[in-house]
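Breakdown of the fold
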Amino acid sequence: MKTPLLIYGAGGLGRELLSLVHALENFEVIGFLDDHIPRDTTVKGITVLGGAEVLRSFEKPINVVLAFGDPAMKAAKAVSIPHNLVRYPQIIHPRAILQDSSSIKIGPGSVLCAGVVLTTDIVIGDHTLINLNCTVGHDSRIGSFCSLMPGVHVSGEVLISNEVLIGAGATILNQLEIGAKAKIGMGSVVIRNVDAGLMVAGVPAQPMVSRPHPKFQS
């Protein structure tokens with residue numbers, strides 16, 4: 001018998017996670033939760049049950065996966081849900097490869113999509129999304145509430161702090177540190193450390209400079 005699972009977020013990522021869960025033998029999606037889509041809306045044949053208040057209707061904690069690509073939104077939602085109402089299982093696609101699984105630690109609520117390759121001695125925090133065809137090299141550490149978009153390549157001995165967003169196709173070279181809440185633009189090649197809260201992009205990645213709107217220029 002499959003374990004019931006709710007997906008919190010019925011947008012594009014939620015639909016992708018639904019298709020991922022369809023490939024698993026141990027979970028069955030019984031509904032979406034969403035704070036903005038009307039209750040009883042059907043998404044891909046699955047009913048939107050309501051928002052967080054629905055969690056109180058279950059007699060015991062229910063399994064939930066958070067479908068938010070934005071790290072800050074994901075972290076805020078996890079904090080807002082009382083822990084006694086939910087369980088956050090790991091969601092790992094059968095075509096994800098953990099080469100040395102005994103040396104890899106993955107936190108609750110984290111998602112590994114198809115084509116992901118983790119090599120050896122890797123730690124992944126809680127509620128971190130590693131999307132399609134990403135690779136993570138030896139001795140790397142990825143914090144909680146991070147989102148790695150499709151095709152990201154993390155080299156060996158990289159330290160990524162919490163709530164980091166890495167755009168599709170970005171590459172992070174060996175032995176670098178990415179500070180909390182940093183953002184890496186899609187297709188970027190990161191060759192030096194990135195400070196907390198900084199947004200970088202380009203080849204090589206450089207800090208993004210905020211430019212004033214023309215109407216406010218003197």
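The present account deals with the structure reproduced in this document. (Residues numbered from 1 in each chain as written. Predicted model: local features only at pLDDT ≥ 70, side-chain atom pairs only at ≥ 80, totals over all residues. Heavy atoms only, no water.)

1. Section: helix 2 (residues 71-80)
Those residues of helix 2 that fall on the buried side of the exposure criterion are Pro71, Lys74, Ala75, Lys77 and Ala78. On an axial view of helix 2, the arc spanned by its buried residues comes to 165°, and they lie on one face. Measuring from the side-chain oxygen of the N-cap residue of helix 2 to the backbone nitrogen of Ala72 gives 3.3 Å; that N-cap residue is Asp70. (Buried < 20%, exposed > 50% of the residue type's maximum accessible area, 1.4 Å probe, protein only. Helix = DSSP H or I, 4+ residues; strand = E, 2+ residues; numbered from the N terminus. Arc of directions from axis to C-beta. Polar contact = N/O pair within 3.5 Å; in protein donor to acceptor, adjacent residues only side chain to side chain.)

2. A short note on unusual backbone geometry
Cis rather than trans, the peptide bond between Val203 and Pro204 has omega equal to -5°. Tracing the sequence through the fold places Pro204 in the loop between strand 24 (199-201) and strand 25 (206-207). You will see that Asp40, though not glycine, has its phi angle at about 75°, which is positive. Summarising the element assignment, Asp40 is placed in the loop between strand 2 (27-33) and strand 3 (42-43). The exposed category is assigned to Asp40, whose relative accessible area is 58%. Although it is not a glycine, Asp121 sits at a positive phi angle of roughly 55°. Tracing the backbone through its elements, the reader meets Asp121 in the loop between strand 11 (117-118) and strand 12 (122-124).

3. Section: the pairing of strand 1 (residues 3-8)
As judged from the 6 bridges shared by strand 1 and strand 2, these two strands associate in the parallel manner. Residue pairing in the sheet places Pro4 in a bridge with Glu28 of strand 2. Taking the sense of rotation as the criterion, the β-α-β connection linking strand 1, helix 1 (residues 12-22) and strand 2 turns out right-handed. Pairing of strand 1 with strand 5 (residues 62-66), which is carried by 4 bridges, proceeds in the parallel orientation. Bridging across to strand 5, Leu6 finds its partner in Val64. (Pairing = 2+ DSSP bridges. Right-handed = clockwise from strand over helix to strand, strands pointing away.)

4. Some thoughts on the pairing of strand 5
Across the 5 residues that make up strand 5, a large majority, 5, are buried. Of the strand pairs in this sheet, strand 5 and strand 6 (residues 86-87) are connected by 2 bridges, and their pairing is parallel. Residue Ile62 lies in a different strand from strand 6, and its bridge partner there is Val86. Each parallel crossover has a hand, and the one from strand 5 via helix 2 to strand 6 is right-handed.

5. A closer look at the packing of aromatic side chains
For the structure on display, the rule yields 1 aromatic pair. Ring geometry for Tyr8 and Phe68: centres 5.8 Å apart, planes at 45°, overall tilted. Here the residue Tyr8 occupies a position in strand 1, and Phe68 occupies one in the loop between strand 5 and helix 2, the gap between them amounting to 60 residues. Judged by its relative accessible area of 1%, Tyr8 is buried. (Phe/Tyr/Trp six-rings, centres within 6.5 Å; stacked < 30°, edge-to-face > 60°.)

6. Here's the deal with the sheet that holds strand 11
An order of 8-11-14-17-20-23 is seen for the 6 strands of this open sheet, with the pairing classed as parallel. Both outer strands of the open sheet, strand 8 (97-98) and strand 23 (189-190), are each paired with one neighbouring strand and no more. Where strand 20 (residues 171-172) and strand 23 come together, 2 bridges link them in parallel fashion. Note that in strand 23 the partner of Ile172 across the bridge is Val190.

7. Comments concerning the sheet that holds strand 3
Pairing is mixed in the open sheet, where 6 strands are placed in the order 3-4-2-1-5-6. The sheet is open, and its two borders are formed by strand 3 and strand 6, each paired with just one other strand. Across 2 bridges, the pairing between strand 2 and strand 4 (residues 46-50) is parallel. In the sheet register, Leu33 faces strand 4, and the bridge partner there is Gly50. Along the sheet, helix 1 contacts strand 1, strand 2, strand 3, strand 4 and strand 5; its crossing angle with strand 2, the most-contacted strand, is approximately 165°. (Contact = heavy atoms within 4.5 Å. Axes fitted to C-alpha atoms, helices over the stretch in contact; angles between N-to-C directions.)

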